[in-house]
Amino acid sequence: EDKVVQSPLSLVVHEGDTVTLNCSYEVTNFRSLLWYKQEKKAPTFLFMLTSSGIEKKSGRLSSILDKKELSSILNITATQTGDSAIYLCAVDRRGTGTASKLTFGTGTRLQVTL
Amino acid sequence: EAGVTQFPSHSVIEKGQTVTLRCDPISGHDNLYWYRRVMGKEIKFLLHFVKESKQDESGMPNNRFLAERTGGTYSTLKVQPAELEDSGVYFCASSQVGLYRRQYFGPGTRLTVT
């Protein structure tokens, strides 16, 4: 059965700290790995990773995929209170045609304190 | 651009009753997905529509759940009769057709069965 595991489950840091969130997966027919941020309601898209070793970056957030190790990390530098959220990792696997099916991890709950 | 919307935001019903959840995808998105998060667990895939056709309903828990997408626009998910274990947050997501298309999530409907 497909599995996505995230660590740590929760994390409390001080504003300005740098954090690294981990995601490992066991999925057949891997297509891509996605990171989402969930604050109150809808998960919002952060990154989609398809190739190993290529870093995706958006402001203070960056992410990289390691297909050999079946894992990905999400880095947040100079954290702010607005970064407090649940960070979800999901893996998309190839289905029929372009059909998509996301398998999620349980998420990492990040709290950034002043 | 309007995002994915879901109605209601919260529903409380008694065991044995019927509930219908609605999802309006982003205009032009032919792919529509339903997911569910039961408390303490990860978000799990329920089913996938392409326009009005069910592409994959392998995640539907049992025949008490019925999803429809008449006309290929909005979708409904009916639970009849509801059981206690159906409580959770039901998310809808939509995407354009094609490879590597991100899924946009709605805010979810929190269903509580008492």
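Residues numbered from 1 in each chain as written. Chains lettered and ligands numbered in written order. Predicted model: local features only at pLDDT ≥ 70, side-chain atom pairs only at ≥ 80, totals over all residues. Heavy atoms only, no water.

Caption draft 1: Structural context of the side chain of His48(B). You can see His48(B) is positioned in strand 5 (residues 43–50). If near-sequence neighbours (up to four positions away) are discounted, His48(B) is found in contact with Ala99(A), Ser100(A), Asn31(B), Leu32(B), Tyr33(B), Ser53(B), Lys54(B), Gln55(B) and Asp56(B). (Helix = DSSP H or I, 4+ residues; strand = E, 2+ residues; numbered from the N terminus. Contact = heavy atoms within 4.5 Å.)

Caption draft 2: Representation of unusual backbone geometry within the structure. Across the junction of Ser7(A) and Pro8(A), the peptide omega takes the value -10°, indicating a cis bond. Note that Pro8(A) resides in the loop between strand 1 (3–7) and strand 2 (10–14). A cis amide bond, omega -10°, links Gln80(B) with the succeeding residue Pro81(B). Within the secondary structure layout, Pro81(B) lies in the loop between strand 8 (75–79) and strand 9 (88–95). Unusually for a residue other than glycine, Asn29(A) sits at a positive phi of about 55°. One can find Asn29(A) in the loop between strand 3 (19–26) and strand 4 (30–38).

Caption draft 3: Here's a closer look at the packing of aromatic side chains. Inspection of every chain in the model, using the stated rule, returns eleven aromatic pairs over all chains. Ring centres 4.9 Å apart and planes at 15° place the aromatic pair Tyr25(A) and Phe30(A) in the stacked group. Assessed through its relative accessible area of 5%, Tyr25(A) is described here as buried. For the pair Phe104(A) and Tyr35(B), a centre-to-centre distance of 5.8 Å together with 90° between the ring planes defines the contact as edge-to-face. With one member in each of two chains, Phe104(A) in strand 10 (residues 102–104) and Tyr35(B) in strand 4 (residues 31–37) form a pair that bridges those chains. By relative accessible area, which is 0% here, Tyr35(B) ends up buried. A connected cluster of aromatic rings, assembled from ring pairs, spans Tyr36(A), Phe45(A), Phe104(A), Tyr33(B), Tyr35(B), Phe45(B), Phe91(B) and Phe105(B). Between Arg22(B) and the ring centre of Tyr74(B), over which it is positioned, the NZ or CZ distance is 3.8 Å. (Phe/Tyr/Trp six-rings, centres within 6.5 Å; stacked < 30°, edge-to-face > 60°. Buried < 20%, exposed > 50% of the residue type's maximum accessible area, 1.4 Å probe, protein only. Lys NZ or Arg CZ within 6 Å of the ring centre and 35° of its normal.)

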